[in-house]
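Take a look at the letters that make up each chain.
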Amino acid sequence: MHRVGFAEYLTVQARNVVQVPDGVTPFQAAACTDALVTPYHGVKTVAKLQAHENVVVIGLGGVGMNALKIAKLFGNKIYASDVKVGTFTTIQFLKLTSIPQPEVMEAAIAAGATAALPAAELEALLRSPSAPPIALVVDCVGAPATFSLAQRLAATGGRVLLLGLTSEKLEWEVKRNVDRELNLLMSLWGTKAELGEVMELVREGKLSPDVEVRKMGELGKAIGEMKEGKIKGRVAFVPETS
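Given the structure is predicted, the values throughout are model-derived calculations rather than measurements. (Residues numbered from 1 in each chain as written. Predicted model: local features only at pLDDT ≥ 70, side-chain atom pairs only at ≥ 80, totals over all residues. Heavy atoms only, no water.)

Draft legend 1. Local environment of the overall build of the protein chain. Across its full length, the protein chain holds eight helices and eight strands. Within the span of the protein chain, comprising 242 residues, buried residues form 43% of the whole. Taking the contacts inside the protein chain whose residues are at least 6 apart along the sequence as the reference set, 67% of them involve residues at least 24 apart. Carbon together with sulfur atoms contributes 57% to the accessible area of the protein chain, which is approximately 13200 Å² in total. (Helix = DSSP H or I, 4+ residues; strand = E, 2+ residues; numbered from the N terminus. Buried < 20%, exposed > 50% of the residue type's maximum accessible area, 1.4 Å probe, protein only. Contact = heavy atoms within 4.5 Å. Areas by Shrake-Rupley, 256 points an atom, 1.4 Å probe, with all protein chains shown as cover.)

Draft legend 2. Broad picture of the packing of helix α1 (residues 26-46) against helix α7 (residues 192-203). It is the contact of α1 with α7, at a shortest axis distance of 8 Å, that shows an interaxial angle of 110°. When the axis of α1 is compared with that of α7, the two are roughly perpendicular. As for the relative orientation of α1 and α7, their crossing is right-handed in sense. Note on element contacts: α7 touches α1 through E194, L195, E197, V198, M199, L201 and V202, opposite Q28, A29, C32, T33, L36, V37, Y40, H41, K44 and T45. Of the residues in the contact of α1 with α7, the class split is ten nonpolar, four polar and three charged. (Axes fitted to C-alpha atoms, helices over the stretch in contact; angles between N-to-C directions. Parallel < 35°, antiparallel > 145°, perpendicular 65-115°, else oblique. Left-handed = near helix turned anticlockwise from the far one by under 90°. Nonpolar A, V, L, I, M, F, W, Y, C, P; charged D, E, K, R; others polar.)

Draft legend 3. The arrangement of the environment of T146 in detail. Mapped onto the elements, T146 comes out in helix α5 (residues 144-153). For T146, a relative accessible area of 2% gives the class buried. Sequence separation of T146 and L170 is 24 residues, and the distance between their C-alpha atoms is 10.0 Å. Among the polar contacts listed, one links the side chain of T146 to the backbone oxygen of A143, at a separation of 3.0 Å. (Polar contact = N/O pair within 3.5 Å; in protein donor to acceptor, adjacent residues only side chain to side chain.)

Draft legend 4. Quick look at unusual backbone geometry. Backbone geometry places K48, a non-glycine residue, at a positive phi of 55°. With respect to the helices, strands and loops of the structure, K48 is situated in the loop between α1 and β1 (55-58). K48 sits in the exposed class, given a relative accessible area of 52%. The phi dihedral of E181 falls on the positive side, at around 50°, and the residue is not glycine. Mapping E181 onto the fold places it in the loop between α6 (174-179) and β6 (183-186). The exposed category is assigned to E181, whose relative accessible area is 58%.

Draft legend 5. Inspection of the packing of helix α4 (residues 119-126) against α5 at higher detail. Look at α4 against α5: their axes get within 11 Å of each other, and the N-to-C directions meet at 10°. Compared by their axis directions, α4 and α5 come out roughly parallel. Taken together, the residues of α5 that come into contact with α4 (itself represented by A119, L122, E123 and L126) are L149, R152 and L153.

Draft legend 6. Spatial organisation of the pairing of strand β4 (residues 136-139). Burial of β4 is two-sided: the residues L136 and V138 facing one way and the residues V137 and D139 facing the other way are all buried. Bridge count for β1 against β4 is four bridges, and the pairing is parallel. Bridge pairing links I58 to D139 in β4. By the bridge criterion, four bridges tie β4 to strand β5 (residues 159-162) in an arrangement that is parallel. Opposite D139, over in β5, you have L162 as the bridge partner. (Pairing = 2+ DSSP bridges.)

Draft legend 7. Seen up close, the packing of aromatic side chains. Per the stated rule, a full pass over the model turns up two aromatic pairs. For the ring pair F147 and W172, a centre distance of 5.9 Å and an interplane angle of 40° mean the geometry is tilted. Taken together, the residues F147 in helix α5 and W172 in the loop between β5 and α6 connect sequence positions 25 residues apart. (Phe/Tyr/Trp six-rings, centres within 6.5 Å; stacked < 30°, edge-to-face > 60°.)

Draft legend 8. How the structure looks around the nonpolar core. V55, V57, L60, L68, A108, V138 and L161 are the most contacted members of the largest nonpolar core, which has 37 residues in total. Counting only elements with at least two residues in this core, the list comes to α1, β1, α2 (62-74), β2 (78-81), α3 (102-110), β4 and α7. Those residues in contact with V138, other than ones at most four positions away along the chain, are V43, V55, V56, V57, I58, L161 and L163. With 17 residues, the next largest nonpolar core counts A115, A119, L153 and L162 among its residues. (Core = buried A, V, L, I, M, F, W, Y, C linked by side-chain atoms within 4.5 Å.)

Draft legend 9. Structural view of the confidence of the model for the protein chain. Taken residue by residue, the protein chain gives an average pLDDT of 88. The fraction at 70 or more is 90%. Note that residues 85-99 has pLDDT below 50 and, in this model, 29 contacts with residues that lie over four places away or in other chains. (pLDDT = per-residue confidence, 0-100.)

Draft legend 10. Examining the pairing of β1 more closely. Burial of the side chains of β1 extends over both faces: V55 and V57 are buried on one face and V56 and I58 on the other. For the segment spanning β1, α2 and β2, crossover handedness is right-handed. (Right-handed = clockwise from strand over helix to strand, strands pointing away.)

Okay, structure coming up:
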């Protein structure tokens, strides 16, 4: 694909084209190419989530909320946590005492989470003697604090799947994680076949991406809102006709 930014038209190789099923809107299809296929590839193909396994999803933005929905399709109990992030420049210094956005937590419960809590509360819950073991923790932020939390929450023999790319360097607690036989997994995007699978799940109503539709002229405003952490899900822009 040629790099053309936000151009109204672009050319692609025919081999890269995927047919959009009937019943899937162009806006849903656009979201499928990233916000859905990325966590789908990570959770299903890389982490190989099984039906009996419990999952924690950290970071409930566009990718994270879809990771939760996908984990619900393939896994058992799903727990979630989110923190309010002010700007991209401060996210790497994220503190787990940050106050989460209540509406995001409510959306996580509506999407199928067993519990959606601030990080400290979720950690306390999952460290209780009666808590179920967490086989997979999906870090959709990739900040030092969230990556450290992911390692603490995963059970012995479990997996940490890194989907968030906020930081260039993160600390893996080698001695502690070797003792617990913890596995670190990394994932980037997905395959053409998986994109087709994701769109079929959308057609069947099993997945539903959160997509807001705006006119192309609102692009600058939307980018500003994104920097302020006000965008939920994904935004699809429609070229304006003359």
